[in-house]
Amino acid sequence: MTESGNVPGSVDSVLELLAGQSYIADRALATAVHLSLTLNRPLLLEGEAGVGKTEVGKVLAKGLGRRLIRLQCYEGLDVASAVYEWDYARQMIEIRLAEASGQTDRSRIERDLFSEKFLIRRPLLEAIQPSDGIAPVLLIDELDRADEPFEAFLLELLSDFQITVPELGTLKAEEPPVVVITSNRTREIHDALRRRCFYYWLDYPDAARELEIVRVRVPEAAASLLRQVVAFVQQLRSVELFKLPGVAESIDWTRALMALGKDELDGATIDETLGVLLKYEDDVGRIRGAQAQATLAEVQRELAAAPSE
Amino acid sequence: MPSETVLAERVTRFGRLLRGAGLKLGPGQILEGIEALSEVVVTDRREFYWALHAAWVKRGEDRDVFREAFRLFWRQPDRPVNRVLEELLALSRITPERRSPQSQKRVLDALDDEKRPKRELRAEEADVVRLAFSDVEVLRQKDFEQMSSAELREAQRLIARFRFPVRDLQTRRWTPVTGRGAIDMRRTMRASLRQGLDHIPLRWRRRKTRPPGIVALCDISGSMAGYTRMLIRFLHALSNDREQVHTFLFGTRLSNVTRALRHRDVDVALAELGARVRDWDGGTRISSCLRRFNREWSRRVLAQGASVLLITDGLDRDETGSLEGEMARLQRSARRVVWLNPLLRYADFQPQARGIRAMLPHVDDFRPAHNLVSLEALASALGGQHGQRPAGRTSGRSASASLSAAAE
């Protein structure tokens, strides 16, 4: 248990906490979240784009009432932009001031120059030693985009929750942050890092859960439209596409259809708005027209056969 | 409800079963699994399952193995682990090699390919079939002769000199330099403190570069049989020489052999390849293999600026699918596509084959090799300056013009 004490005590309360922030999780994900909260270990989420990995971090921060510190990874992300940097301009001025006031004790100047006063705190340092003293939620987003050296650096941070600044010494977190790491698998995350985390593979949800997710996120949409959208997207996921639509796309599509004033799917509308669902030209070309019509007909048959509510 | 010690003992044995089935579980992980269980309601089967899952399954690919092993083990948790493992292996033929969902899909496809009589499978049976694929296709295995030490030395020597025809990538990381570059403030500051405060000696740094990642797609069909041994030697040496080399072999299907080729010992690597890859010296289905690659691997291995080295004669026997479309997609995903074609052993070769015509517009760099009988020739075909190197990406789309030049 962390000192902040507001960590939910069971899988059920994690489910509640997530649902309270409009995040519909299944029990398996809630178990992984619960374990990572109670045992203070990072949570590694993998899955296709648009299944709600990043959202887990954001929602946890809101639900726990903690600050969200987000580190977006990219290739070449280094210590200077992820952890800390010295404020060279101010150090320069400090040297000039020392010179002007006749200060000659070099070791003393050096001590002053490399003190916390001149340290620019980047996300990871801020997560270890938050300025407000409350352990935040640290979201390390798309770790697969960072390169291997950075991943190796994270190992020390994530196992001991400490950061070494050569000029200052080792800074240790009084209370470890809640860490959520996401990866889209454009590169395999190393085994050593995986071992330190609880792992969960976020899959595309089944129709019932996706319906609930979209309903919660777009509450103003008509029930009939929601059912059609979800059934259509679920059908699309069985087609061989280069990039399958995620839940984020279902939500966007529903909003787009609402904005166009549609409360029912029709062939022409699907063709016009397909770009919201599919993000590659070959995929759009493949579905547009005949295939979309066929899928829509299939969806209508399916919904007519099993009218719900 | 068994007592806690009994439960811990069973969980430990379940961990041993999973280790036998190929999951990476050390004693530390076993303890973590038990710790995780103490945080959930163990009498709830789902919580029990998912807590162990979160603690032990660290890769998407391991989920199926975990599910099967869980089902088998907890039915009668007191049977000896070895017996359960045997049953698991017999059922699903899980080798210690990791099984990916892709490979399972491949099984199902293979089933279709074989035009086997189809019938409805019970759900349980279907699972087993999905896992058991190694005996679905009975295909050739390949025996490589052992490498002589002279051959090994030659490979190492050539690789050391080898230049991949793609420029190094500039990274966003810095390295200190003595000449001019950008000012390195951190080192400058330290130096000025050492030297005295009245002057500030500048220190410099420069962006680091790194060699580009390479994804090799190598044709091992019958028409390439004469080169296979040498190509594999080359790919093995390449995999051991640098980071970020992924290797795929294809004939009628695509196999990711990256892990096998990383074995230091070339004979071990070759033996594993010979046993694992089943479509040696057969037909070629370039477009369906490329499609598999595009859908299942390209996003995972072509990120971070990797280039593709495609080694094939372009003789496609695939009548289905669009080879041109797949090549175009491949080119859009990769930084550069370098095609090495050993077919040009005849000087008067003309690109008549349909496959070659479809592929040529979508490569950035076309390297015909008139004579690809040795590693030496291979390295120089790839590394030398004589190949066609269209300056930019856009002009690279029409490498076909250069073919006639090469054939002259």
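About the cut-offs
Residues numbered from 1 in each chain as written. Chains lettered and ligands numbered in written order. Predicted model: local features only at pLDDT ≥ 70, side-chain atom pairs only at ≥ 80, totals over all residues. Helix = DSSP H or I, 4+ residues; strand = E, 2+ residues; numbered from the N terminus. Rg over C-alpha atoms; globule rule 2.2 N^0.38 Å. Contact = placed C-beta atoms within 7 Å. Buried ≥ 20, exposed ≤ 12 C-beta atoms within 10 Å, placed from the backbone. Pairing = 2+ DSSP bridges. Axes fitted to C-alpha atoms, helices over the stretch in contact; angles between N-to-C directions. Nonpolar A, V, L, I, M, F, W, Y, C, P; charged D, E, K, R; others polar. Parallel < 35°, antiparallel > 145°, perpendicular 65-115°, else oblique. Left-handed = near helix turned anticlockwise from the far one by under 90°. Core = buried A, V, L, I, M, F, W, Y, C linked by C-beta atoms within 7 Å. pLDDT = per-residue confidence, 0-100. Expected span 1.5 Å × (residues − 1). Bend = angle between axes of the 7 residues up to and from the residue.

(A) Representation of the overall build of chain A. In terms of helices and strands, chain A carries 15 helices and nine strands. Relative to the 2.2 N^0.38 estimate, which gives 19 Å for 309 residues, the radius of gyration of chain A is 25 Å and therefore markedly larger than a compact globule would have. Considered along the principal axes of its C-alpha atoms, chain A spans approximately 85 × 45 × 35 Å. Looking at chain A alone, contacts between residues at least 24 apart form 77% of all its contacts between residues at least 6 apart.

(B) Expanded view of the overall build of chain B. Within chain B, the regular secondary structure consists of 18 helices and nine strands. Across the 408 residues that make up chain B, the buried fraction comes to 38%. Look at the contacts in chain B between residues 6 or more apart in sequence, and 75% of them connect residues 24 or more apart.

(C) Focus on the sheet that holds strand β2 (residues 68-72) of chain A. All names here are of chain A. In space, the five strands of this open sheet follow the order β2-β5-β8-β1-β9, with parallel pairing throughout. Taken across any chain shown, the strands that pair with only one partner, and hence form the sheet edges, are β2 and β9 (198-202). Here the strands of the sheet are splayed against their neighbours by 20° on average, with no regard to which way each runs.

(D) The arrangement of the interface of chain A and chain B in detail. With 35 residues of chain A in contact, the opposing surface of chain B contributes 34 residues. Of all the secondary-structure elements, those providing two or more residues to the side of chain A that touches chain B are α2 (27-38), α5 (88-100), α6 (106-113), α9 (191-195) and β9 of chain A. The element contributing the most residues to the side of chain A that touches chain B is α2 of chain A, with seven residues. Split by residue class, the side of chain A that touches chain B holds 15 nonpolar, six polar and 14 charged.

(E) Spatial organisation of the pairing of strand β5 (residues 137-141) of chain A. All names here are of chain A. Counting buried residues in β5 gives four out of five residues, a clear majority hidden from the surface. Here β2 pairs with β5 via five bridges, running parallel. Bridge pairing links Gln72 to Asp141 in β5. Two elements, β5 and strand β8 (residues 178-183), share four bridges in a ladder whose sense is parallel. Paired with Leu139 across the bridge in β8 is Val180.

(F) Looking closely at unusual backbone geometry. Residues and elements named next belong to chain A. Even without being a glycine, Glu142 presents a positive backbone phi close to 55°. By the element assignment, Glu142 lies in the loop between β5 and α8 (148-160). For Phe161, which is not glycine, the phi dihedral falls at a positive 50°. Along the chain, Phe161 falls in the loop between α8 and β6 (162-165).

(G) Molecular detail of the sheet that holds strand β8 (residues 337-341) of chain B. Residue and element names in this part refer to chain B. Spatial strand order, β6-β5-β4-β7-β8-β9: six strands in an open sheet with mixed pairing. Edge positions in the open sheet fall to β6 (254-256) and β9 (365-368), since each of these has one partner strand only. Taking each pair of neighbouring strands and ignoring which way they run, the sheet shows an average axis angle of 20°. Bridge analysis of strand β4 (residues 214-219) against strand β7 (residues 307-311) gives five bridges, and the strand direction is parallel. Bridging across to β7, Val215 finds its partner in Val308.

(H) Main features of the packing of helix α10 (residues 207-217) of chain A against helix α12 (residues 247-259) of chain A. All names here are of chain A. The contact between α10 and α12 brings their axes to 10 Å, and the two run at 50°. Taken together, the axes of α10 and α12 lie oblique to each other. The hand of the α10/α12 crossing is right-handed. On the side of α10, the interface is formed by Glu210, Ile213, Val214 and Arg217, while α12 contributes Val247, Ser250, Ile251 and Thr254. Here the contact of α10 with α12 is built from residues that sort into four nonpolar, two polar and two charged.

(I) Spatial organisation of the nonpolar core. Membership of the largest hydrophobic core comes to 106 residues, with the highest contact counts inside it found for Ala32, Leu43, Val180 and Tyr200 of chain A together with Ala51 and Ala54 of chain B. Counting 60 residues, the second-largest nonpolar core is a separate cluster that includes Leu273, Leu323, Ala358 and Ala381 of chain B.

(J) Region of interest: the packing of helix α1 (residues 4-20) of chain B against helix α4 (residues 63-75) of chain B. All names here are of chain B. At a minimum axis distance of 10 Å, the contact between α1 and α4 shows a crossing angle of 135°. Here α4 runs oblique to α1, going by the angle between their axes. The hand of the α1/α4 crossing is right-handed. Every residue of α4 that contacts α1 at Phe14, Leu17 and Leu18 is listed here: Phe66, Ala69 and Phe73. Looking at the contact of α1 with α4, its residues break down into six nonpolar, no polar and no charged.

(K) Inspection of helix α14 (residues 323-333) of chain B at higher detail. Buried within α14 of chain B we find Leu323, Glu326, Met327, Arg329, Leu330, Gln331 and Ser333 of chain B. Among the structural elements, α14 (281-287) of chain A together with α13 (286-301), β7, β8 and α15 (354-359) of chain B are those in contact with the buried residues of α14 of chain B.

(L) Quick peek at the confidence of the model for chain B. Residues and elements named next belong to chain B. Averaged over chain B, the pLDDT score is 74; the fraction of residues at 70 or greater is 72%. Taking the mean pLDDT of every element in chain B, the minimum, 36, falls on helix α7 (residues 123-131) and the maximum, 93, on helix α3 (residues 45-56). Under a pLDDT of 50 for its full length, residues 94-140 has, in the predicted model, 54 contacts with residues more than four places off or in other chains. Ignoring residues within four places in sequence, the model shows residues 386-408, a span with pLDDT below 50, making 39 contacts including any to other chains.

(M) Spotlight on α13 of chain B. All names here are of chain B. The end-to-end C-alpha distance of α13 is 19 Å, clearly below the 22 Å that 16 residues give at a rise of 1.5 Å each. Largest kink in α13: about 45°, centred on Asn294. Inspection of α13 places Ile286, Ser287, Ser288, Cys289, Leu290, Arg291, Arg292, Phe293, Asn294, Ser298 and Val301 among the buried residues, and these make up the whole buried set.

(N) The arrangement of the environment of Ser159 of chain A in detail. In this fold, Ser159 of chain A is placed in helix α8. With 38 residues separating them along the chain, Ser159 of chain A and Cys197 of chain A place their C-alpha atoms 9.3 Å apart.

(O) Expanded view of the confidence of the model for chain A. Mean pLDDT over chain A stands at 90; residues scoring 70 or higher make up 97%. Across chain A, the element-wise mean pLDDT spans from 80 in α6 of chain A up to 97 in β5 of chain A.

(P) Structural view of the environment of Asp316 of chain B. Residue and element names in this part refer to chain B. For Asp316, the location among the structural elements is in the loop between β7 and α14. When the C-alpha positions of Asp316 and Arg354 are compared, they lie 7.7 Å apart, and in sequence the two are 38 residues distant. Setting aside residues up to four positions removed in sequence, Asp316 forms contacts with Thr284, Ile286, Ser287, Leu323, Arg354 and Gly355.

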